Amino acid sequence: MAAPEFDPERLLAALADGGVQCVLIGGMAAIVHGDVGVTLDLDIAPAFDDDNLERLAAVLRGLQARIRVEGEPEGLPFDCSAEFLRNLGPQGILNLTTSCGDLDLTFTPSGTGGYEDLRRDAMTLPSGGATMLVASLPDVIRSKEAAGRDKDRVALPRLRALLERLRTRPR
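The shown structure was predicted, so the numbers you read here are calculated from the model rather than taken from an experiment. (Residues numbered from 1 in each chain as written. Predicted model: local features only at pLDDT ≥ 70, side-chain atom pairs only at ≥ 80, totals over all residues. Heavy atoms only, no water.)

Undergrad: Sorry, what's going on with the overall build of the protein here?
TA: Across its full length, the protein carries seven helices and eight strands. Taken against the 2.2 N^0.38 rule, which gives 16 Å for 171 residues, the C-alpha radius of gyration of the protein at 16 Å falls within 12% of a compact globule. Overall, the protein is about 50 × 35 × 30 Å in size when its C-alpha atoms are taken along their principal axes. By residue count, 47% of the 171 residues in the protein fall in the buried class. Contacts in the protein between residues far apart in sequence, at least 24 positions, make up 63% of those at least 6 positions apart. In the structure as shown, the protein presents an accessible area of about 8800 Å², 51% of it carried by carbon and sulfur atoms. Across the protein, the 19 positively charged side chains and the 26 negatively charged ones have centroids separated by 7 Å. (Helix = DSSP H or I, 4+ residues; strand = E, 2+ residues; numbered from the N terminus. Rg over C-alpha atoms; globule rule 2.2 N^0.38 Å. Buried < 20%, exposed > 50% of the residue type's maximum accessible area, 1.4 Å probe, protein only. Contact = heavy atoms within 4.5 Å. Areas by Shrake-Rupley, 256 points an atom, 1.4 Å probe, with all protein chains shown as cover. Lys, Arg positive; Asp, Glu negative; His and termini not counted. Charge placed at Lys NZ, Arg CZ, Asp CG, Glu CD.)

Undergrad: I keep staring at the packing of aromatic side chains and nothing clicks. Help me out?
TA: Two aromatic rings, taken as a pair, are described by how far apart their centres are and by the angle between their planes. According to the stated counting rule, one finds two aromatic pairs in the structure shown. Aromatic side chains phenylalanine 78 and phenylalanine 84 sit 5.1 Å apart centroid to centroid with 55 degrees between the ring planes, which places their arrangement in the tilted category. Since its relative accessible area comes to 22%, phenylalanine 84 is described here as partly exposed. (Phe/Tyr/Trp six-rings, centres within 6.5 Å; stacked < 30°, edge-to-face > 60°.)

Undergrad: How do you make sense of the layout of surface pockets when you look at a structure like this?
TA: To find leftover empty space, one rolls a probe the size of a water molecule over the atoms. If you add up the space inside the largest pocket, you get close to 700 Å³. Along the wall of the largest pocket there are 32 residues; nearest its centre are Asp43, Lys144, Arg149, Lys151 and Asp152. When residues of the lining of the largest pocket are traced back to their parent elements, those giving at least two are α2 (26-32), β2 (41-46), β5 (93-98), β6 (101-106), α6 (137-147) and α7 (150-168). Tallied by class, the residues present in the lining of the largest pocket amount to 13 nonpolar, nine polar and ten charged. (1 Å grid on protein atoms, 1.4 Å probe; cavity = no way out; pocket = protein on both sides within 12 Å on 5 of 7 lines; lining within 4 Å. Points joined across faces, edges and corners; volume = space filled by probe spheres on them. Nonpolar A, V, L, I, M, F, W, Y, C, P; charged D, E, K, R; others polar.)

Have a look at this one:
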């Protein structure tokens, strides 16, 4: 079986419709701000409270989430419960494949304090009948700087230039 087609709109709508409190981060957040990069997954920083973990687990079950593993296009099954998510801890990271494509959960992205930190400067993006929080471009840059991955180092000059253009454009 082939990997599911990436459908970020459906992923965002499922999260919003499920009442999941999260901030969109990573490449897709940068694209929302005007980056020309390409991404084939959605990255979110969910709130790490019990009620939100229950809602998140329900949405993940509805999306048929499985742990993403190289060489396994269908992914591996896991206990998709709030307890499992809670046991990951606030530093937890979970790379998933879903019926709408790849979804990465990072409770405390590099260089940030997690959901509460990121939501302060986040912008809102309409998603279906609800809204999704999108990390500010400075927060995306801050996290990518702290992560220090090769792909982030490649994107950072482009993101910094975008931030400068946004800051200096006439209002």
